[in-house]
Amino acid sequence: MTIATGDRLPEAEFLEIGADGEPVAVPAAALFGGRRVVLFAVPGAFTRTCSAAHLPSFQRTADAFRAKGVEEIACLAVNDPFVMHAWGEAHGVAASGIRMLSDAGAVFTDAIGMRKEDTPARGILGRSKRYAMLVEDGVVARLNLETGGACEISAGETLLGQI
């Protein structure tokens, strides 16, 4: 089953790199509970469309999202937390305040039905589909699932225009 607008997000635990350089658990309940959060997911850190279009679209729109009451913006991928951290550093996400979260075992991704079909020729296995969602107190208020290989439906500008 794929998550839909109006559904409550499942319990899950993400990882991010803490101040000491070690992985820190981020429970979904703490991230989404009682808050307005934008979560966008990418098939892989350092991949072409993710690096050139998807992540930058949320960096460009971060201030505008906050002006509309979004308290947190988080990028999620089925990569390890060290890769997510390095990708964030390479793209200067600290300036926009985007959190780089790892769903290393695809537990959350599978629970919401967002596992991407494998593309072995490109080395993309067991990854997430490309999407963006607005979450309000743990409930999906808006979901933009990309259906092609581009980043249009799930871009920051698209979601921003919908809230």
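Parameters at a glance
Residues numbered from 1 in each chain as written. Predicted model: local features only at pLDDT ≥ 70, side-chain atom pairs only at ≥ 80, totals over all residues. Heavy atoms only, no water. Phe/Tyr/Trp six-rings, centres within 6.5 Å; stacked < 30°, edge-to-face > 60°. Helix = DSSP H or I, 4+ residues; strand = E, 2+ residues; numbered from the N terminus. Buried < 20%, exposed > 50% of the residue type's maximum accessible area, 1.4 Å probe, protein only. Pairing = 2+ DSSP bridges. Salt bridge = Lys/Arg side-chain N within 4 Å of Asp/Glu carboxyl O. Arc of directions from axis to C-beta. Contact = heavy atoms within 4.5 Å. Polar contact = N/O pair within 3.5 Å; in protein donor to acceptor, adjacent residues only side chain to side chain. Lys, Arg positive; Asp, Glu negative; His and termini not counted. Expected span 1.5 Å × (residues − 1). Bend = angle between axes of the 7 residues up to and from the residue.

## Some remarks on the packing of aromatic side chains
Stage number 1. Per the stated rule, a full pass over the model turns up five aromatic pairs.
Stage number 2. Both rings, one in F14 and one in F32, keep their centres 6.4 Å apart while their planes meet at 90°; by these two values the pair is edge-to-face. Taken together, the positions of F14 in strand β1 (residues 13-17) and F32 in helix α1 (residues 28-32) put the pair 18 residues apart, joining distant regions of the chain. The two residues F14 and F32 agree in class, both being buried.
Stage number 3. Taking 5.0 Å as the distance between ring centres and 75° as the angle between the ring planes, the aromatic pair formed by F14 and F108 counts as edge-to-face. Linking F14 in strand β1 with F108 in helix α4 (residues 107-111), this pair joins segments that are 94 residues apart in sequence.
Stage number 4. For F108, a relative accessible area of 1% corresponds to the buried category.
Stage number 5. Taken together through their ring pairs, the aromatic side chains of F14, F32 and F108 make up a single cluster.

## Describing the pairing of β1
Stage number 1. Bridge count for β1 against strand β2 (residues 23-27) is five bridges, and the pairing is antiparallel. Directly across from E16, in β2, lies its bridge partner V24.
Stage number 2. What sits between β1 and β2 in their antiparallel hairpin is a turn of five residues, with G21 showing a positive phi close to 85°.

## Overview of the pattern of salt bridges
A side chain with one charge can pair with a side chain of the opposite charge if their charged atoms come near.
Stage number 1. Applying the stated criterion to the full structure yields six salt bridges.
Stage number 2. R99 is the salt-bridge partner of E72, the closest N and O atoms lying 3.4 Å from each other. Separated by 27 residues along the polypeptide, E72 in strand β4 (residues 72-77) and R99 in strand β5 (residues 99-102) bring together distant segments of the chain.
Stage number 3. Of the charged contacts in the structure, one is a salt bridge between R115 and D110, with a shortest N-O distance of 2.7 Å.

## Structural notes on helix α3 (residues 81-90)
Each α-helix winds once per 3.6 residues, and so residues spaced three or four apart point in a common direction.
Stage number 1. For α3, the set of buried residues is P81, M84, W87 and G88. End-on view of α3: buried residues confined to an arc of 125°, all on one side of the axis. Every exposed residue of α3 that faces more than 90 degrees away from the buried side is listed here: E89 and A90.
Stage number 2. Residues of α3 that are buried make contact with β1, β2, β3 (36-42), α2 (48-67), β4 and β5.
Stage number 3. For α3, the N-terminal cap is D80; the gap from its side-chain oxygen to the backbone nitrogen of F82 is 2.8 Å.

## What about the side chain of D103?
Stage number 1. Residue placement: D103 occurs in the loop between β5 and α4.
Stage number 2. Buried and unpaired, D103 has R115 as its nearest opposite-charge partner, separated by 7.8 Å.
Stage number 3. Within polar-contact distance, the side chain of D103 engages the backbone nitrogen of V107 at 3.1 Å.
Stage number 4. Beyond its immediate stretch of four places on either side in the chain, D103 contacts L76, A77, V78, N79, F108 and T109.

## Describing unusual backbone geometry
Stage number 1. Phi angles above zero are rare outside glycine, and A106 is one such case at about 60°.
Stage number 2. Relative to the assigned elements, A106 resides in the loop between β5 and α4.
Stage number 3. Phi is positive for D137, close to 50°, though the residue is something other than glycine.
Stage number 4. On the secondary structure map, D137 appears in the loop between β6 (131-136) and β7 (139-145).
Stage number 5. For D137, a relative accessible area of 41% corresponds to the partly exposed category.

## A few points about α2
Stage number 1. Taking 1.5 Å per residue as the helical rise, α2 with its 20 residues ought to reach 28 Å, and the 29 Å between its terminal C-alpha atoms agrees with that figure.
Stage number 2. The largest bend in α2 is about 55°, located at T61.
Stage number 3. All of the buried residues in α2 are C50, S51, H54, L55, P56, S57, F58, T61, A62 and F65.
Stage number 4. Buried residues in α2 make contact with β3, β4, α3, β5, β6 and α5 (156-161).

The values reported here are purely geometric and, on their own, carry no functional implication.
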